[in-house]
Amino acid sequence: MNATLQSSDLAAELAARVTAATVIRRDEPLAKRTTMRVGGPAHILVEPASDEDLAAVVRFCGEQRQEFFVLGRGSNLLVRDGGFRGVVISLAAAHFSRVTVDGERLRCGAGAKLKEVAAAAKRASLGGLEFLEGIPGSVGGALRMNAGAMGGATFDFVESVRVMDRSGLIGELSRRAIAVEYRSCRLFQTHLALGCVFHGVPAPREAIEAKLNEFNRKRWEAQPAKPSAGCTFKNPATIPAGKLVDELGLKGAHVGGARVSQEHGNFIVNDGRATAADVLRLIEVIRQHARAERGIELETEVEIIGED
Ligand code: EPU
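Quick caveat, the model's predicted, so the values are computed rather than measured.

Rules used in this analysis
- By convention here, each chain's residues receive numbers from 1 onward along its written sequence.
- Reporting of local features is limited, given that this is a predicted model, to residues whose pLDDT is at least 70; pairs of side-chain atoms are given and counted only at 80 or more, and all residues count toward the totals for whole chains, interfaces and linings.
- Remark: hydrogens and water are excluded; side-chain values derive from all non-hydrogen atoms of the structure.
- Strands are runs of DSSP state E lasting at least two residues, helices are runs of H or I lasting at least four, and both sets are numbered from the N terminus onward.
- Using C-alpha atoms as the atom set, the radius of gyration is obtained and then compared with a globule rule of 2.2 Å times the number of residues to the power 0.38.
- Exposure categories follow from relative accessible area, calculated using a 1.4 Å probe and restricted to protein chains: below 20% of the type maximum is buried, above 50% is exposed, and the middle band is partly exposed.
- Should any heavy atoms of two residues lie within 4.5 Å, those residues are counted as being in contact.
- Per-residue and other accessible areas follow the Shrake-Rupley method at a 1.4 Å probe size, with only the shown protein chains counted as cover for residues.
- Residues counted as positive are Lys and Arg, residues counted as negative are Asp and Glu, and His and the chain ends are not counted.
- Just so you know, the charge point we use is NZ for Lys, CZ for Arg, CG for Asp and CD for Glu.
- Whether a residue is near a molecule or strand is decided by its heavy atoms; if any one of them lies within 4 Å of it, the residue is near.
- For this analysis, a polar contact is any N or O atom pair within 3.5 Å, provided that within protein one partner can donate a hydrogen and the other can accept it, and provided that sequence-adjacent residues contribute only side-chain to side-chain pairs.
- Under this grouping Gly is polar, as are all residues other than the nonpolar Ala, Val, Leu, Ile, Met, Phe, Trp, Tyr, Cys and Pro and the charged Asp, Glu, Lys and Arg.
- Bear in mind that the domain bounds are from an automatic or database domain assignment.
- Buried area: the sum, over both parts, of the accessible surface (1.4 Å probe) that disappears when the two are put together.
- The working definition used for a salt bridge is a side-chain nitrogen of Lys or Arg within 4 Å of a carboxyl oxygen of Asp or Glu.
- One bridge is not enough; two strands pair if DSSP finds at least two bridges between them.
- Site definitions follow a grid-based scheme: protein atoms alone, a 1 Å grid, a 1.4 Å probe that fits but cannot get out for cavities, and for pockets an open set with protein on both sides within 12 Å along at least five of seven lines, plus lining residues having an atom within 4 Å of a point.
- Grid points are joined across faces, edges and corners, and a volume is the space filled by probe spheres set on the points.
- By construction, the arc corresponds to the directions joining the helix axis to the C-beta atoms.

So, the overall build of the protein chain
Each helix and strand counted, the protein chain has eight helices and 21 strands in total. Rg of the C-alpha trace for the protein chain: 20 Å, near the compact-globule value of 19 Å for 308 residues, within the 12% margin. With the C-alpha coordinates aligned to their principal axes, the bounding extent of the protein chain is approximately 55 × 55 × 30 Å. Of all 308 residues assigned to the protein chain, the portion counted as buried reaches 48%. The contacts in the protein chain between residues at least 6 apart in sequence include a share of 65% that link residues at least 24 apart. Here the protein chain displays about 14,300 Å² of accessible surface, and carbon together with sulfur accounts for 49% of that area. Of note, the protein chain has its 40 positive side-chain charges centred 2 Å away from the centre of its 38 negative side-chain charges.

Take a look at the structure:
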């Protein structure tokens, strides 16, 4: 049986388990759904319309032994050139993307854009969340990797998280019950993030606006505008990865269409021709230099999925 037939059979079986409002696509290109703009297709891409449909998808994957991956805005993601031979779940439907404000709290769906969360917080005169504005991701992605910028990290402002386990069961966990680390949160190895409640700090609108402007300016000064997946490596304890790559003289180094950014050493940019293999080879070149010249083991921050 070839891959196309297999994916159409699977798609038909999956369609029988969910409502018609849930979108199912076969062999869906993923490159256009990532900010790095490389990589192959998803065997199946599904956009559930409701909690029930999402639970049905997750259960279906378990029964069928299909690997699944929850796609956010694809801004911290590298898909290998062979694509993902499983089910990619996108929480872009309206049901998962709402942001509602209640006093000092913002209830946000996993599919909501961080930019929208920052804008809603500003409208409600709630400070602290300004750093989210410049992260080109979704709430779900930010929770999953405890995303951060400008000295702030997602979980600093999270009060509770709504999750689904692999049997489709939904629960709400308070921040205190969740173990969080720099750029990682183990909970999401076993659970899907459905959303969270952020707690903002009341602040004058002008002060929030000033911070947003300052962060925006800092980002444009320090980071490239070309397609990338943001920072490639986690910062080692001893030196920021960007500074290390800079000191190693690797800015401008390239493999095919993938190049170390001149603006920031921890960014790999796609000049338009890059493949995932180019990016992966360049990552290895950098890691080898860091190991050989400084004894530092660089760990990728970017999530890498799929097959060569
Ligand atoms: N630096 C250099 N050369 C470079 C890049 C940086 O010398 O090419 C130096 C800077 O001058 C600075 C230090 O390294 O002294 C740290 O650089 P920066 O302030 O740019 O912060 P970063 O640690 O490299 C972190 C996050 C970014 C986030 C910025 C802004 C990580 C891995 N990265 O970068 O997040 O946008 O702070 O706050 O923690 C991401 O997660 O994808 C990401 C881009």
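Brief notes about the site of the ligand
Near the ligand lie 20 residues; those nearest to it are Met-150, Cys-231, Asn-235, Asp-246 and Lys-251. Gln-223 places a side-chain nitrogen or oxygen 2.9 Å from an oxygen atom of the ligand. In this structure, an oxygen atom belonging to the ligand sits 2.9 Å away from a side-chain N or O atom of Glu-301. Protein contact buries 70% of the 820 Å² of open area that the ligand shows by itself. For the shell around the ligand, the secondary-structure elements that each account for two or more residues are β9 (148-149), β17 (228-231) and α7 (241-247). The dominant element in the shell around the ligand, judged by the number of residues it contributes, is α7, at three residues. Counted by class, the shell around the ligand contains seven nonpolar, eight polar and five charged residues. Two domains share the shell around the ligand, each providing at least three of its residues, namely domain 2 (97-206) and domain 3 (224-305).

As for the domain arrangement of the protein chain
Under the domain assignment used here, the protein chain contains domain 1 (3-94), domain 2 (97-206) and domain 3 (224-305). For domain 1 versus domain 2, the separation of C-alpha centres amounts to 23 Å. Contacts between the two partners involve 16 residues from domain 1 and, on the opposite side, 20 residues from domain 2. Buried area between domain 1 and domain 2, summed over both chains or domains, comes out near 1,400 Å², and the portion from carbon and sulfur atoms is 60%. In this structure, the connection of domain 1 to domain 2 is made through one salt bridge.

Observations concerning the pairing of strand β11 (residues 158-164)
When you tally the buried positions in β11, you get five out of seven residues, the bulk of the element. In this structure, β11 lies alongside strand β15 (residues 192-199), joined through six bridges in antiparallel fashion. Of the residues in β15, the one forming a bridge with Val-161 is Cys-196. Sheet topology note: the β11/strand β12 (residues 170-174) ladder contains five bridges and is antiparallel. Its bridge partner being in β12, Val-163 is matched across the sheet by Gly-171. Two successive antiparallel strands, β11 and β12, enclose a turn made up of five residues, where Gly-168 displays a positive phi of approximately 95°.

Things to note about the sheet that holds strand β18 (residues 254-255)
Spatial strand order, β17-β20-β19-β18: four strands in an open sheet with antiparallel pairing. Lying at the two open borders of the sheet, with one neighbouring strand each, are β17 and β18. When β18 meets strand β19 (residues 258-260), the two strands line up antiparallel, connected through two bridges. Among the inter-strand pairings, His-254 is bridged to a residue of β19, identified as Arg-259.

What to know about empty space enclosed by the protein
All chains considered together, the criterion is met by one cavity of 30 Å³ or more. As a volume, the largest cavity reaches approximately 50 Å³. In this structure, the largest cavity is lined by Met-36, Leu-78, Ala-229, Gly-230, Thr-232, Ile-268, Val-279, Ile-283 and Val-302. Of all the secondary structure elements, the ones that give two or more residues to the lining of the largest cavity are β17 and α8 (276-294). Tallied by class, residues from the lining of the largest cavity come to seven nonpolar, two polar and no charged.

Quick word on helix α3 (residues 114-123)
Looking only at α3, the buried set comprises Leu-114, Val-117, Ala-118, Ala-120 and Ala-121. Each buried residue of α3 sits inside an arc of 165° when the element is viewed along its axis, so together they form one side. Considering only its buried residues, α3 is in contact with β6 (99-102), β7 (105-109), β8 (126-127), α4 (139-144), β15 and α6 (205-222). In the stretch just after α3, Ser-125 is the one whose phi turns positive, near 55°.

Points about the pattern of salt bridges
Counted by the stated rule, this structure contains 25 salt bridges. Taking the shortest distance from any N to any O, the salt bridge between Lys-32 and Glu-28 comes out at 3.4 Å. Take Glu-28: its relative accessible area is 8%, and that puts it in the buried class. Close ionic contact of Glu-301 with Arg-183 constitutes a salt bridge, the shortest N to O distance being 3.1 Å. With Glu-301 in the loop between α8 and β21 (303-305) and Arg-183 in the loop between β13 (180-181) and β14 (184-185), the pair connects residues that are 118 residues apart, well separated along the chain. Accessibility assignment for this pair places Glu-301 and Arg-183 in one class, buried. Among the ionic contacts, a cluster of salt bridges with common partners joins Glu-284, Arg-287, Arg-291 and Glu-297.

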